Structure formats: structure tokens, C-alpha cells
Amino acid sequence: MRVVLQRVSRAAVRIDGKTVGAIGVGLLLLAGFHRSDTEDTLGWMADKVLGLRVFSDPEGKMNLALADVPPGGGGGVLVVSQFTLYGDVQKGRRPSFIDAAPPEIAIPLYERFVALLRERSGGARVETGEFGAMMDVELVNAGPVTLILER
């Protein structure tokens with residue numbers, strides 16, 4: 001599993017001009033699934049994302065996790081499926097997606113990952129895009145802070 005995590009001050013996903021998911025302060029996750037991903041992979045990634053201390057404390061150091069921001073509240077998570085994270089461009093000019101999980105494997109993985117985030121987030125809002133849809137993703141990357149996570 002690969003996740004591109006971006007700390008955002010806001011993010012939204014639109015399909016045909018209609019907003020289907022949006023958050024304020026929080027994390028935008030672009031999530032790609034490998035054909036060999038398991039429940040353990042998903043659990044590890046959910047825990048890693050939710051526990052990462054990428055938000056600034058009062059001294060300006062990255063010491064706060066998602067549940068710690070905004071003060072007294074907790075941030076949001078916006079999860080967007082993105083099979084192109086497994087695009088291989090080593091040969092030729094057209095990406096190969098041979099390592100990306102096909103939809104019959106990826107959809108249940110995506111749904112379970114979102115469910116785990118909701119179960120483990122301590123009440124933080126978890127929003128999504130729509131698996132397989134053509135989406136417009138808009139975000140304001142705060143920092144900027146962008147991390148690539150892989151398991």
C-alpha cells in the first residue's frame with residue numbers, strides 16, 4: 001500500500017462539479033493499493049497515518065497528531081483512491097499499472113481502509129472521494145508537508 005499524505009488547511013473532492021468530500025484542517029490521503037495488501041497492511045497504515053505527529057505545537061514544532069488539532073477538536077481526513085501511485089514508468093513512455101490491485105481487490109481494500117480510519121480516529125471526520133470516478137481534488141497544502149508512506 002502506498003499513501004501520499006499531505007497536511008492541509010482545507011481539501012475537497014468534486015465529481016462533475018459537485019463536492020462529494022471536504023475537510024478543513026487535517027490530512028489528505030491519496031491511497032493506492034497493491035494486489036498483495038492484507039488486513040495487517042491496512043491496519044498498520046491507518047495507525048501510522050492517525051499517529052503521525054505532523055501538526056505544529058504552540059512552539060511551532062511538529063509534535064501534534066491529528067487528534068490533537070485544532071485545539072480541543074481534532075482534524076479531518078480526506079481519503080482519495082489513486083491507483084496511479086503504482087504506475088511504473090521505468091520503461092517506455094506509458095505507465096504500467098501491473099502492480100496496482102485490480103478493482104475487484106482494490107475496492108474492498110479501500111473500503112476497509114476507510115472503515116479502519118473511522119474506527120480508530122477518535123471521532124475525527126473521515127471523508128472520501130468515489131472509487132474509480134474522475135475526480136477533481138483541490139487542496140491547500142499547509143507547510144507544505146507531504147510524506148510518502150509505504151507498507
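Source: prediction; values computed, not measured.

Visitor: Whenever I open this one, unusual backbone geometry confuses me. Can you help?
Guide: When glycine is set aside, most residues are seen to have a negative phi, and most peptide bonds are trans. A cis geometry characterises the amide bond from Gly143 onward to Pro144, with omega recorded as 0°. Residue position: Pro144 is located in strand S8 (residues 136-150). Unusually for a residue other than glycine, Asp16 sits at a positive phi of about 50°. Considering the arrangement of structural elements, one finds Asp16 in the loop between strand S1 (2-15) and strand S2 (18-23).

Visitor: Any chance you could explain the nonpolar core here in plain terms?
Guide: Formed by 32 residues in total, the largest nonpolar core has its most connected members in Leu29, Phe33, Val79, Phe113 and Leu117. Looking at this core, the elements with two or more residues in it are S1, strand S3 (26-32), helix H1 (39-51), strand S6 (76-81), helix H2 (103-120) and S8. Contacts of Phe113, omitting those with residues within four sequence positions, involve Met1, Leu29, Ala31, Phe33, Leu42, Met45, Ala46 and Val79. Core analysis: the next-biggest nonpolar cluster, separate from the first, contains 12 residues, Val8, Ile23, Leu85 and Met135 among them.

Visitor: What exactly am I supposed to notice about H1 here?
Guide: For the α-helix, the turn length of 3.6 residues means that residues three or four positions removed from each other point alike. If you check H1, its first and last C-alpha atoms are 18 Å apart, about what 13 residues at 1.5 Å a residue would give, namely 18 Å. Taken residue by residue, H1 has Thr41, Leu42, Gly43, Met45, Ala46, Val49 and Leu50 as its buried positions. The elements touched by buried residues of H1 are S1, S3, H2 and S8.

Visitor: In this structure, what is going on with H2? I would like to understand it.
Guide: In a regular helix each residue adds 1.5 Å, so 18 residues correspond to 26 Å; H2 covers 25 Å between its end C-alpha atoms and thus fits that length. Those residues of H2 that are buried lie in contact with S3, H1, S6 and strand S7 (126-128). Following H2 by one or two positions, Gly122 adopts a phi angle in the positive range, close to 70°.

Visitor: It is not clear to me how the side chain of Asp57 should be interpreted in this structure. Could you clarify?
Guide: Along the chain, Asp57 falls in the loop between strand S4 (55-56) and strand S5 (62-64). For the buried Asp57, no salt bridge exists, and the shortest N-O distance to an oppositely charged side chain is 7.2 Å, to Lys61. One polar contact links the side chain of Asp57 to the main-chain amide nitrogen of Glu59, over a distance of 2.8 Å. Ignoring sequence-local partners within four residues, the contact set of Asp57 consists of Asn63 and Leu64.

Cut-off values and rules
Residues numbered from 1 in each chain as written. Predicted model: local features only at pLDDT ≥ 70, side-chain atom pairs only at ≥ 80, totals over all residues. Heavy atoms only, no water. Helix = DSSP H or I, 4+ residues; strand = E, 2+ residues; numbered from the N terminus. Core = buried A, V, L, I, M, F, W, Y, C linked by side-chain atoms within 4.5 Å. Buried < 20%, exposed > 50% of the residue type's maximum accessible area, 1.4 Å probe, protein only. Contact = heavy atoms within 4.5 Å. Expected span 1.5 Å × (residues − 1). Lys, Arg positive; Asp, Glu negative; His and termini not counted. Salt bridge = Lys/Arg side-chain N within 4 Å of Asp/Glu carboxyl O. Polar contact = N/O pair within 3.5 Å; in protein donor to acceptor, adjacent residues only side chain to side chain.

As far as function goes, none of this settles anything; it's purely spatial.
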